[in-house]
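Observations on chain architecture
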Amino acid sequence: MATPHIGAEPGDFAPDVLMPGDPRRARRIAEMVLDDARLVTEVRGILGFTGTFEGRPVSVLASGMGMPSITIYATELFRFYGVQRIIRIGTAGGMATHLDLGDVVIASAAHTDSAMTAQRIPGIHYSHAPSFALLSAAAAAAGFRPGVRPDGVHVGAVVSNDAFYVDRKTTNDLLVQYGTLAVEMEAAALYAAADAEGREALAICTISDLLFRDAALSADEREELFDRSVRLGLAAFATA
Ligand code: HPA
């Protein structure tokens, strides 16, 4: 039976799902890296595909933008389709000045200004954290070892904001002062949805723009660098 937002049948999704924001990127991931990919849902143009990667079943479903959207898709995947693990493959704006365009941020925590998790456990300032197994597997796949930090890949906190077009210099300065690496709009809600359903999640973000310098990736660069995050996500699924 389909859910309100996903038109697939039970069993159509693999236990492991990669989740980009953009439906066209979901199609591209399916075409480029999955074998025997088939379309399993296209409700509202949110495309989902299931295939295999190196013999393991993997699905890809777009999340749309923002925390309400990713919460709907993640919750329905976990609750109604037996999905066990979701890795968001997204973009983020670099906040910390040691980041560069095309760098990858593996989000070991997600602050948020969203009221969504505040409503889950009243009175609690929730800690939005990923699956340790997925986090450590992704970090290992990226080349982190004791005393070794790979070039261009960072593990640390992001902030998941409700608004894209908002100018909050003081807030951003404080977040950076407290070690926050990048801003995006989904990770915190994904982590809370996974916790709520007793499942696992991680967000791996490519830095597509910088808040402290006028710079952005070209479309081609975005796609090429995006592939690196996809490979890290697939490696995490295979080794976690
Ligand atoms: N802000 C919020 N989300 C984003 C950004 C940003 O600058 N870049 C990519 N996703």
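To keep things clear, this report deals only with the structure shown in the data block. (Residues numbered from 1 in each chain as written. Predicted model: local features only at pLDDT ≥ 70, side-chain atom pairs only at ≥ 80, totals over all residues. Heavy atoms only, no water.)

1. A word on the overall build of the chain
Definition in use: Where helices and strands are cited, they refer to DSSP runs of H or I of at least four residues and of E of at least two residues respectively, numbered from the N terminus. With C-alpha atoms as the basis for the radius of gyration, the globule rule is written as 2.2 Å multiplied by the number of residues raised to the power 0.38. Classification of residues uses two cut-offs on accessible area relative to the type maximum, computed with a 1.4 Å probe and protein chains only: under 20% is buried, over 50% is exposed, and between them is partly exposed. Residue contacts are defined here by distance: any two heavy atoms, one from each residue, within 4.5 Å place the two residues in contact. Method for areas: the Shrake-Rupley scheme with a 1.4 Å probe, in which residue coverage is limited to the protein chains shown. The convention is simple: Lys and Arg are positive, Asp and Glu are negative, and His and the chain ends are not counted. Charge coordinates come from a single atom per side chain, which is NZ of Lys, CZ of Arg, CG of Asp or CD of Glu.
In terms of helices and strands, the chain carries six helices and nine strands. Taken over C-alpha atoms, the radius of gyration comes to 17 Å for the chain, in line with the 18 Å a tight globule of 240 residues would show. In terms of principal-axis extent, the alpha carbons of the chain reach across some 50 × 40 × 35 Å. Each of the 240 residues in the chain was classed as buried or not, and the buried ones make up 52%. Across the chain, the fraction of contacts at a sequence separation of at least 24, relative to all contacts at a separation of at least 6, is 76%. Summed over all atoms, the accessible surface of the chain reaches about 11,200 Å², with 53% contributed by carbon and sulfur. Charge-centre separation for the chain: the mean point of 20 positive side chains lies 2 Å from the mean point of 29 negative side chains.

2. A word on the site of the ligand
As a reminder, the rule being used: Throughout, the term near means that a residue has one or more heavy atoms lying within 4 Å of the molecule or strand in question. Polar contact is defined as a pair of N or O atoms within 3.5 Å, subject to the rule that within protein one atom must be able to donate a hydrogen and the other to accept it, and that residues adjacent in sequence are counted only when both atoms are side-chain atoms.
As a matter of local geometry, the ligand sits amid Thr91, Ala92, Gly93, Phe164, Val183, Glu184, Met185, Ser208, Asp209 and Leu211. Taking Gly93, its main chain carries an N or O atom lying 3.2 Å from a nitrogen atom of the ligand. In the model, a nitrogen atom of the ligand is placed 2.8 Å from a nitrogen or oxygen of the Asp209 side chain. Burial of the ligand by the surrounding chains reaches 85%, relative to a free accessible area of 260 Å².

3. Looking at the side chain of Ser229
Along the polypeptide, Ser229 turns up in helix α6 (residues 219–239). What makes Ser229 buried here is its relative accessible area of 0%. Excluding residues within four positions of it along the chain, Ser229 makes contact with Ile89, Val104, Ile204, Cys205 and Thr206.

4. Describing unusual backbone geometry
For Asp36, which is not a glycine, the phi torsion comes out positive at approximately 55 degrees. On the secondary structure map, Asp36 appears in strand β2 (residues 35–41). Residue class for Asp36 comes out exposed when judged on its relative accessible area of 73%. Within the chain, Glu54 stands out as a residue other than glycine whose phi angle is a positive 50 degrees. Here Glu54 lies in the loop between β3 (48–53) and β4 (56–61).

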